[in-house]
Amino acid sequence: MEFNNILLRKGYVKIKLKKINTNHFELKAKLNNVKGRFILDTGASNSCIDINLAEKFKLEVKDSDTKAAGAGAIGMETKISSKNNIEINQWKYQNFTVVLLDLTHVNTALTEHHAEAVDGIIGADILEKGKAIINYEKKSLYLKKLVFKF
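This one's a predicted model, so the numbers in the text were calculated from it and none came from an experiment. (Residues numbered from 1 in each chain as written. Predicted model: local features only at pLDDT ≥ 70, side-chain atom pairs only at ≥ 80, totals over all residues. Heavy atoms only, no water.)

The set of residues buried in helix 2 (residues 104-112) consists of Val106, Asn107 and Leu110. Axial view of helix 2: buried residues confined to an arc of 90 degrees, hence all on one face. Within two residues after helix 2, His114 carries a phi angle of roughly 60 degrees, on the positive side. (Buried < 20%, exposed > 50% of the residue type's maximum accessible area, 1.4 Å probe, protein only. Helix = DSSP H or I, 4+ residues; strand = E, 2+ residues; numbered from the N terminus. Arc of directions from axis to C-beta.)

Turning next to the pairing of strand 3 (residues 25-31). In terms of burial, strand 3 is a largely internal element, 5 of the 7 residues being buried. Here strand 2 (residues 18-19) pairs with strand 3 via 2 bridges, running antiparallel. Following the sheet pairing, Lys18 is matched in strand 3 by Glu26. The turn linking strand 2 back onto strand 3 is made up of 5 residues, and Asn23 within it adopts a positive phi angle of 75 degrees. Summarising the sheet, strand 3 and strand 4 (residues 34-40) pair through 7 bridges and their orientation is antiparallel. Each residue of the ladder has a partner; that of Glu26, found in strand 4, is Ile39. (Pairing = 2+ DSSP bridges.)

Here we come to the nonpolar core. With 27 residues, the main nonpolar core has Ile86 and Ile88 as its most contacted residues. Among the secondary structure elements, those contributing two or more residues to this core are strand 1 (12-16), strand 3, strand 4, strand 7 (73-88), strand 8 (91-101), helix 3 (124-129) and strand 11 (140-144). The element that contributes the greatest number of residues to this core is strand 8, accounting for 5 residues. Once residues lying within four places of it in the same chain are set aside, the contact partners of Ile86 are Ala29, Lys30, Leu31, Trp91, Lys92, Tyr93, Phe96, Ile122 and Ile126. (Core = buried A, V, L, I, M, F, W, Y, C linked by side-chain atoms within 4.5 Å. Contact = heavy atoms within 4.5 Å.)

Attention now goes to the environment of Leu27. Position of Leu27 relative to the elements: it lies in strand 3. Residues contacting Leu27, with those up to four places away along its chain left out, are Lys16, Leu17, Gly36, Arg37, Phe38, Leu40, Ile88, Ile122 and Leu141.

This part covers the sheet that holds strand 10 (residues 133-135). Read across the open sheet, the 3 strands follow the order 1-11-10; overall the sheet is antiparallel. Only two strands of the sheet have a single neighbouring strand rather than two, namely strand 1 and strand 10. Direction aside, neighbouring strands of the sheet carry axes that sit 20 degrees apart on average. In terms of strand pairing, strand 10 meets strand 11 through 3 bridges, oriented antiparallel. The partner of Ile133 across the bridge, within strand 11, is Tyr142. (Axes fitted to C-alpha atoms, helices over the stretch in contact; angles between N-to-C directions.)

If you trace the backbone, Arg37 turns up in strand 4. C-alpha of Arg37 to C-alpha of Ile122: the two residues are 85 residues apart in sequence and 9.7 Å apart in space.

Another point: the pattern of salt bridges. A full pass over the atoms with the stated rule returns 4 salt bridges. Across the pair Arg37 and Glu116 runs a salt bridge, and its minimum N-O distance is 3.8 Å. Taken as a pair, Arg37 in strand 4 and Glu116 in the loop between helix 2 and strand 9 (120-122) lie far apart in primary sequence, 79 residues in all. Judged by its relative accessible area of 17%, Arg37 falls in the buried class. (Salt bridge = Lys/Arg side-chain N within 4 Å of Asp/Glu carboxyl O.)

Structure follows, in structure tokens:
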């Protein structure tokens, strides 16, 4: 039986990934029902959105004492937004907390490599929550559907 079918039978959702010029994978997602473009970053501890897009994604923003660090940037001011909904294909996560920070350095690096700017980054928080499996050969991400208690 094919690996893909086994995962689908076990409650995973298949998400197509697009490899961009920087060798990152890009994917589309909806945050609070607003479509966005994101890069997948297994090394990012938290998913994040460009701070300038808070209004676009209908985020209620609060100050954060945490400083962000990443490739090419350290000590960046961050903000936080809780109680959000994110959808990646058929995978849904309610009560999602996202970090907001200035992603200018990320988007500058992308555009310098002739890739389009992104709205944010999907990080390890979502990958862990969805028990992620990445198939690099097939350019696919699998996330296990979450069960919500009402």
